[in-house]
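Structural overview for review
The chain contents come next:
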Amino acid sequence: MKVSRSAGFVIASVALIGAVVLTVAFLFYEVLFSYPATTEALDANTKLLLHMDGSNGSTVFTDSSLTPKTMTAFGNAQITTAQSKFSGASGVFDGTGDYLTTPASADFSFGTGNFTVDFWVRKNGTQSAAGIVGTRNAATSTNWSLEVLSDKVWVVRDNIAVFGAANSLSNLTWTHVALVRFGNTLTLYQDGVSQGSVSVTGQTWNSGDGVLVVGRNQSDVNANYLNGWLDEMRITKGVALWTSGFTPPDAPDTGSGTPSAPGTPTFTTVTQTSMRVNWTAAPGASNYKIERCAGVGCSSFTQIVSGVSALYYDDSGLSAGTSYSYRIRGTNASGDGTYSGTGTQVTGATPGTPGTPTFSSVTAVSMRVNWTAASGASSYKIERCVGAGCSIFTQLATGISTLYFDDAALTPSTSYSYRVRATNAQGDGSYSGTGSQSTAASGGGAAIPITGWAWSDTIGWIDLNCSNLGVCGSNSFGLSADTVNGTLSGYAWSDNVGWISANSSDLSGCPSAPCTATLGASALSGWLKAVSGGSAQSGGWDGYIALSDTDTGDGFSYGVSYGAGNFSGYGWGSTNVGWVDFSLAHTTYNTCTPSTTYTCSDSVTIVRTVTTAECQTTVTSPYIMCVAPQFCSTGSPVCITPEPTPEPGAGGLTGNLTVKPNLVGLNGTTTVYWAVNNVQVNSCAVTADDGSSSWSGEYSATSTCPTKYATGCTSLPIVKQTTFRLSCLDFDGNNYVETATVNLVPIFEENCNTGFIHVNGQCVRP
């Protein structure tokens, strides 16, 4: 600030009592203040900067950019000191013929590049249609403007309204408005909050005839004038000053100057030799410089690249398993900005070595191979070779997420050797040591019970299994099948003939081979024997019950069949017992396929269900908890990361909710359709504001509706104007809302039926 001083005298006459006049000479100094345009470096990207400062009533609007434009005021457009956002003054426009213009300039043609138009506005009363700033001309198709339509800010291009703000401008309140193009996305902000976004891929945003007008919506139509105040209007070409929600400026702009600090670097796509370095935008930056240092706790940074226009950089040629630190700074015509914080990332490395395999649940045909975890492992691969001292390994399975593998279909009494290696995105790790284990001898499997009942018309019920001490007393009994060879053993009970044995020792000497009772893949074979057979009480009957027989010339065959855990068909016990019906007998043996599955108990808990090789044991337990925003997906053993939520920002859903019809008669119904396609959500619900209807789901086609027409939910009878509200939550907890309203057909009093009267547009009983 410059200060100058000049001296002078002033003569003052002061009337005293008695009409005596005293004349006094005062010496004064006139202090003159002179302000430079700015003491800070202006950014060449700033193409218009109207502080709207000056003396009250002035019609001079000064452009403080590096390339000043001549602004011409029309009507009563002037500077006022009665209202301001900053510096004690603003531009006032009375809504009748007030506006500013400046001649054509390429500075207002943005092409397909980034740009920012921002200002403070204070609306004075309802604005049905009024211009704020732009190059709109009815005769020119390539133009842009920001206008107020029905009290909301709208973006206009090529004389077509592109989209409007979600929220209205508050009356007699200063609101910061910013229109920002960043890449292929155009976003409108009010007080730093997104009002909506659209894709502008391939679109050119130019100035048409080049005339910029402030305070009305077209340069060639004398209508739609702004009624209110403007302050701190700025047009920035080539730079997106904001790329996400922000805090509005709290001081007058002096040109963007050097950029602010970018966001601290984060990292994606990390490999052994490369990674992507990401950051959030620095307001005012034209491009970026990246610096790097290597080693844990390093501090000596070296610039590795400059002129980066994206918000990421793919760094390569790195060393595996090494810590790298990065910092970013934005730059523009005014110079380099402030450094970001330091972000550090270690490049990938192959995983460590698993523990040497150990073994459990060893049978004649299967075993569980176990190992301890390897550091850095995403999953495991397992290899096997057969025979004592073998060395030729074959890969059995990959992508194993557990620390064990159930190997089946093995050969009894055989040596098997296993080795395991871990893997991740960087590749395979080293092999574990080799672990060897021999399978058990044949017949060493677990016993699987056969339960239920058999029936004979001669001797009645045969109880196949009983382990309830309250019923069986001290004599618990039952038949069972060996999981390896299917051999039956144990006893059944008949109240009429006593114990019926399946033990091999009781079956020797059976009428025809094979004697051993055996459960095969689809049938029983061999014999059972009533232990009391051959006694005097049996009438000479030997006690044998045949489980199957083929046609040997007598014209018939029979047998007990088996499938999906259930038995059917008949055995034969000579004329003493007759046919024995097994249709009420069953077992769990071979009723399922060994498996490991993954399900979700809620949106974040992955549950693993493991079924053993014998299909006897199923274990269900929580496997992993996903941390938001990751979520559980049925069938997947890992947490799923949702795609980034696209615009619109929190609060905005459009084009997802429809009611058909939207005009119905009293007690008529409508159908509500919705399909959320433009935002990644966690849950959605649709409710009626009268509380009559409520449905959930991201799509009406899959929603559970009491009544549904086609793929939409049918409402309850409509008795008044009803608004349906679609509300969705994304994985970050943001809420998105869209509404649709159904109106009633007006009912006139003379149309009410007898016994009804007309009240508030409806026919009701008195």
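Residues numbered from 1 in each chain as written. Predicted model: local features only at pLDDT ≥ 70, side-chain atom pairs only at ≥ 80, totals over all residues. Heavy atoms only, no water.

By secondary structure assignment, the location of Ser-340 is in the loop between β24 (335-339) and β25 (343-346). If sequence neighbours within four positions are ignored, Ser-340 has contacts with Ala-261, Pro-262, Gly-263, Thr-264, Pro-265, Arg-327 and Ile-328. (Helix = DSSP H or I, 4+ residues; strand = E, 2+ residues; numbered from the N terminus. Contact = heavy atoms within 4.5 Å.)

A few words now on the packing of aromatic side chains. All told, the structure shown has 25 aromatic pairs when counted by the stated rule. Where Phe-267 meets Tyr-326, the ring centres are 5.7 Å apart and the plane angle is 50°; that geometry is what we call tilted. Here Tyr-326 lies in strand β23 (residues 323-332) and Phe-267 lies in strand β18 (residues 266-268), a separation of 59 residues in the sequence. Using a relative accessible area of 16% as the deciding quantity, one classes Phe-267 as buried. The interplanar angle of 20° and the centroid separation of 6.1 Å between the aromatic rings of Trp-674 and Trp-695 together place this pair among those described as stacked. (Phe/Tyr/Trp six-rings, centres within 6.5 Å; stacked < 30°, edge-to-face > 60°. Buried < 20%, exposed > 50% of the residue type's maximum accessible area, 1.4 Å probe, protein only.)

On inspection of all chains with the given rule, the structure shows 7 disulfides. Across the disulfide, Cys-385 is cross-linked to Cys-390 (sulfur-sulfur distance 1.9 Å). Sign of the S-S torsion, about 65° for the bond between Cys-385 and Cys-390, identifies this disulfide as right-handed. One disulfide bridge connects Cys-626 with Cys-639, the sulfur atoms lying 2.2 Å from each other. Negative torsions about the S-S bond denote left-handed disulfides, and the value of about -95° found for Cys-626 with Cys-639 makes this one left-handed. Of this pair, Cys-626 sits in the loop between β50 (618-625) and β51 (657-660) while Cys-639 sits in the loop between β50 and β51, placing them 13 residues apart in sequence. On the basis of relative accessible area, Cys-626 is assigned to the buried category, the value being 6%. (Disulfide = S-S within 2.5 Å.)

Residue Pro-514 follows Ala-513 across a cis peptide bond; omega there is -5°. Following the sequence through the fold, Pro-514 ends up in the loop between α2 (504-507) and β40 (518-519). Note the cis peptide between Lys-660 and Pro-661, where omega equals -5°. Inspection of the secondary structure puts Pro-661 in the loop between β51 and β52 (663-664). A positive phi angle, near 65°, is found at Ser-87, a position not held by glycine. Following the sequence through the fold, Ser-87 ends up in the loop between β5 (78-80) and β6 (90-94). The backbone phi angle of Glu-232 is positive, close to 50°, even though this residue is not glycine. Looking at the element boundaries, Glu-232 is found in strand β17 (residues 227-237).

A separate point is the sheet that holds strand β4 (residues 72-74). Here 7 strands make up an open sheet; going across it, the order is β4-β7-β16-β9-β10-β11-β12 and the pairing antiparallel. Taken across any chain shown, the strands that pair with only one partner, and hence form the sheet edges, are β4 and β12 (160-164). The mean inter-strand angle of the sheet, taken between neighbouring strand axes irrespective of direction, is 30°. The pairing of strand β9 (residues 129-134) with strand β10 (residues 144-149) spans 5 bridges and is antiparallel. Bridge pairing in β10 places Ala-130 opposite Val-148. (Pairing = 2+ DSSP bridges. Axes fitted to C-alpha atoms, helices over the stretch in contact; angles between N-to-C directions.)

Under the counting rule described, the total for this entry stands at 13 salt bridges. Across the salt bridge formed by Lys-69 and Asp-107, the nearest N and O atoms sit 2.9 Å from each other. Of this pair, Lys-69 sits in the loop between β3 (46-50) and β4 while Asp-107 is found in the loop between β7 (99-102) and β8 (115-123), placing the two residues 38 residues apart along the sequence. Here Lys-69 falls in the buried class, since its relative accessible area comes to 12%. Look at Asp-107 and you get buried, because its relative accessible area is 16%. One salt bridge in this structure joins Arg-327 and Glu-291, with 2.8 Å as the shortest N-O distance. With a gap of 36 residues between them, Arg-327 in strand β23 and Glu-291 in strand β20 (residues 287-294) connect regions that are remote in the sequence. Arg-327 gets classed as partly exposed once you look at its relative accessible area, which sits at 22%. Look at Glu-291 and you get buried, because its relative accessible area is 8%. (Salt bridge = Lys/Arg side-chain N within 4 Å of Asp/Glu carboxyl O.)

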